[in-house]
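Report on the structure
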Amino acid sequence: MLLTPGPTPVPEFARVAMATETLHHRTPEFEAIFKNTRELLLEILDMPEALMLASSGTGAMEACVLNLTSKKSLTINSGKFGERFGKICKAMNIPNIEIKNPWDTPVSIDEVMEIIENDSDIDSICIQICESAGGLRHPVEKIAQKVKAFNNDIIIIADGITAVGVEKIDTTNIDALITGSQKALMLPPGLAMIGLSNKAVEKIEANPKGYYFNLAIELKNQRKNTTAWTAATTLIIGLGAMLEKIKADGFETLYNDTTARANATRESLEAIGLPIYPKNPANSMTTIYTEKANEIRKILKNKYDVNIAGGQDDLNGKIFRINHMGLVAPYESAWVVNAIEKTLDELGIREFDGTANKVFMEKLF
Ligand SMILES: *Cc1c(COP(=O)(O)O)cnc(C)c1O
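Because the structure is predicted, anything quoted here is derived from the model rather than measured.

Let's shift gears to the pattern of salt bridges. Enumeration over the complete set of coordinates arrives at 21 salt bridges. Between glutamate 267 and lysine 363 there is a salt bridge whose closest N-O contact spans 3.3 Å. Of this pair, glutamate 267 sits in helix H10 (residues 251–271) while lysine 363 sits in helix H13 (residues 355–364), and the two are 96 residues apart along the sequence. Judged by relative accessible area, glutamate 267 falls into the partly exposed class, the value being 34%. The shortest N-O distance in the salt bridge between arginine 350 and aspartate 353 comes to 3.2 Å. One network of salt bridges, with partners in common, ties together Arg38, Glu49, Glu205 and Arg223.

Pasting the structure below:
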């Protein structure tokens, strides 16, 4: 049972949709497919423009930093992915200031405001909506609103790789909304997507940058339902099938089910004495702090066939993360919390009495 917060399992209908013969990408047949996927993508992202790139999510992060920063970026580091924005700036020779926090701590809005009020060179802010390293939710919408009220020209680059498809994101003040195929959108890895505001489009077109990730060239092509380079045709077909299905069920249904699963999982694990790690947990995953994380994961994998994620860097062996993104069936989440309770018993931490499953079922239904 693959329950890591990315990659997530690919449902059968999406695998079947992607089993068609390879189409040539410069054909009317593929352009029609591209158009359909692009329209659905604009809808789920809820932004005026959207791009699809043949890369993993990090490629879209690099593309946004490069194309949307002229002078200096403020990068928010509350974990591995926020740290990555800073590393991208360094690699691209773009000056950056970083706000660094422990991985359980969302960035303070006041700290962001203080920095931009005192440094007029900052023209972009790079932040995760959900920082997947510790599973925390940053107050992105509030930050974006305050920043735009202070200076509308500062571009807000939001990494929504574990947020798009998890919850409805208020994009009013967001300029670039990044996502990837292998998380909440339940596809194989290899496709990155970016929603863009009109302001972002203007900035990209006014000063084209880069080669493979030159977004001005991509905009010109993708508006005509084609791509600058060879399109990831199979993944674009898969994304179309996925978005059609999510839309048919209702986007809200996916968001509500994910939220319900996240709440029920959190409460059931707290009920058996396991503490939630982040101060403001996101709904894409449940992150538990425990010094026994590796022992627990090992038993889960070997005895209960459950693959959940651990922690990286300083959090290696100290946390585990359970995915809620995508079409996870209730019995799968129930199986996991029950298996965790059984594991705690085996490790002599807490005697099994079925509490986790009981609380999970009560909260979910
Ligand atoms: C998974 C993830 C990424 C990108 O990872 P890739 O491996 O490049 O697809 C970026 N940001 C967040 C928050 C993620 O969870």
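After presenting the structure, the write-up continues.
Here we come to the site of the ligand. With respect to spatial proximity, 14 residues lie near the ligand, and among them Ser56, Thr58, Ser132, Asp159 and Lys183 are the closest. Within the side chain of threonine 58, an N or O atom sits 2.4 Å from an oxygen atom of the ligand. Between the ligand and aspartate 159, the relevant distance is 2.6 Å, taken from a nitrogen atom to a side-chain nitrogen or oxygen of the residue. With the chains in place, 88% of the 380 Å² that the ligand exposes on its own is no longer accessible. Contributions of two or more residues to the shell around the ligand are made by helix H3 (57–68) and helix H4 (80–91). Among the elements that take part in the shell around the ligand, H3 stands out by supplying three residues, more than any other. Residues of the shell around the ligand, tallied by class, amount to four nonpolar, seven polar and three charged.

This part takes up the sheet that holds strand S2 (residues 72–77). The pairing of strands in a sheet happens through backbone hydrogen bonds and is either parallel or antiparallel. Reading across from one edge, S1-S9-S8-S7-S4-S2-S3 is the order of the seven strands in this open sheet, with mixed pairing throughout. Here the strands that pair on one side only, and so sit at the sheet edges, are strand S1 (49–53) and strand S3 (96–100). Put simply, the sheet's adjacent strands are angled 20 degrees from each other on average, direction ignored. The pairing of S1 with strand S9 (residues 192–196) spans five bridges and is antiparallel. Note that in S9 the partner of leucine 53 across the bridge is alanine 192. This element, H4, spans S2, S3, strand S4 (122–128), strand S7 (155–159) and strand S8 (176–180) of the sheet and lies at about 155 degrees to S2.

Turning next to a nonpolar patch on the surface. Together, Met1, Tyr331 and Trp335 give the surface a local cluster of nonpolar side chains, amounting to about 350 Å² of exposed area. Classification of tyrosine 331 as exposed rests on a relative accessible area of 58%.

For the pair helix H12 (residues 330–346) and H13, the least separation of the axes is 8 Å and the interaxial angle reads 150 degrees. As judged from the angle between their axes, H12 and H13 are roughly antiparallel. In the packing of H12 onto H13, the handedness of the crossing is right-handed. Every residue of H13 that contacts H12 at Pro330, Ser333, Ala334, Val337, Asn338 and Glu341 is listed here: Thr355, Ala356, Asn357, Phe360, Met361 and Leu364. Considered class by class, the residues forming the contact of H12 with H13 number seven nonpolar, four polar and one charged.

Attention now goes to the packing of aromatic side chains. Taken as a whole and judged by the stated rule, the model has five aromatic pairs. Relative to phenylalanine 34, the ring of phenylalanine 30 lies with its centre 6.2 Å away and its plane at 65 degrees, an arrangement referred to as edge-to-face. One end of the pair is phenylalanine 30 and the other is phenylalanine 34, both in helix H2 (residues 28–45) and four residues apart, which spans about a single turn. Each member of the pair, phenylalanine 30 together with phenylalanine 34, is buried. In textbook terms, an aromatic cluster arises when at least three aromatic residues are bridged by ring pairs, as seen for Tyr211, Tyr212, Phe213 and Trp229.

Rules used throughout
Throughout, a residue's number is its position along its own chain's written sequence, starting from 1. The predicted origin of the model limits local features to residues at a pLDDT of at least 70 and limits the giving and counting of side-chain atom pairs to 80 or more, whereas totals for whole chains, interfaces and linings rest on all residues. Water and hydrogen atoms were dropped before computing side-chain values, which therefore reflect all heavy atoms in the structure. Should a side-chain nitrogen of Lys or Arg be within 4 Å of a carboxyl oxygen of Asp or Glu, the pair is scored as a salt bridge. For the purposes of this entry, the term helix denotes a DSSP run of H or I that reaches at least four residues, the term strand denotes a run of E that reaches at least two, and both are numbered from the N terminus. To sort residues, take the accessible area from a 1.4 Å probe on protein chains only and compare it with the maximum for the residue type: under 20% means buried, over 50% means exposed, and anything in between is partly exposed. Throughout, near means a residue has at least one heavy atom within 4 Å of the molecule or strand. For the purposes of these results, a polar contact is taken to be a pair of N or O atoms within 3.5 Å, where, inside protein, one atom must be able to donate a hydrogen and its partner to accept one; residues adjacent in sequence count only when each atom of the pair is a side-chain atom. Every accessible area reported is derived by Shrake-Rupley at a probe size of 1.4 Å, with residue values counting cover from the shown protein chains alone. The nonpolar class holds Ala, Val, Leu, Ile, Met, Phe, Trp, Tyr, Cys and Pro. Asp, Glu, Lys and Arg form the charged class, and all remaining residues, Gly among them, are polar. Two strands pair under a simple rule: DSSP has to find at least two bridges between them. The angle between two axes is taken between their N-to-C directions and runs from 0 to 180 degrees, where each axis is a line fitted to C-alpha atoms and a helix contributes only its stretch in contact. Contact definition: two residues touch when any of their heavy atoms are within 4.5 Å. Patch rule: a residue counts if its relative accessible area is over 30% and it has no salt bridge; like charges are joined within 9 Å, and nonpolar side chains (Val, Leu, Ile, Met, Phe, Trp, Tyr) within 5 Å. Angle categories: roughly parallel below 35 degrees, roughly antiparallel above 145, roughly perpendicular from 65 to 115, and oblique for all the rest. In a left-handed crossing the near helix is turned counterclockwise from the far helix by less than a right angle, and in a right-handed crossing that turn is clockwise. Centre distance within 6.5 Å is the pairing criterion for rings of Phe, Tyr and Trp, where only the six-membered ring of Trp is used; planes under 30 degrees apart are then read as stacked, over 60 as edge-to-face, and the remainder as tilted.

These figures capture arrangement, not role.
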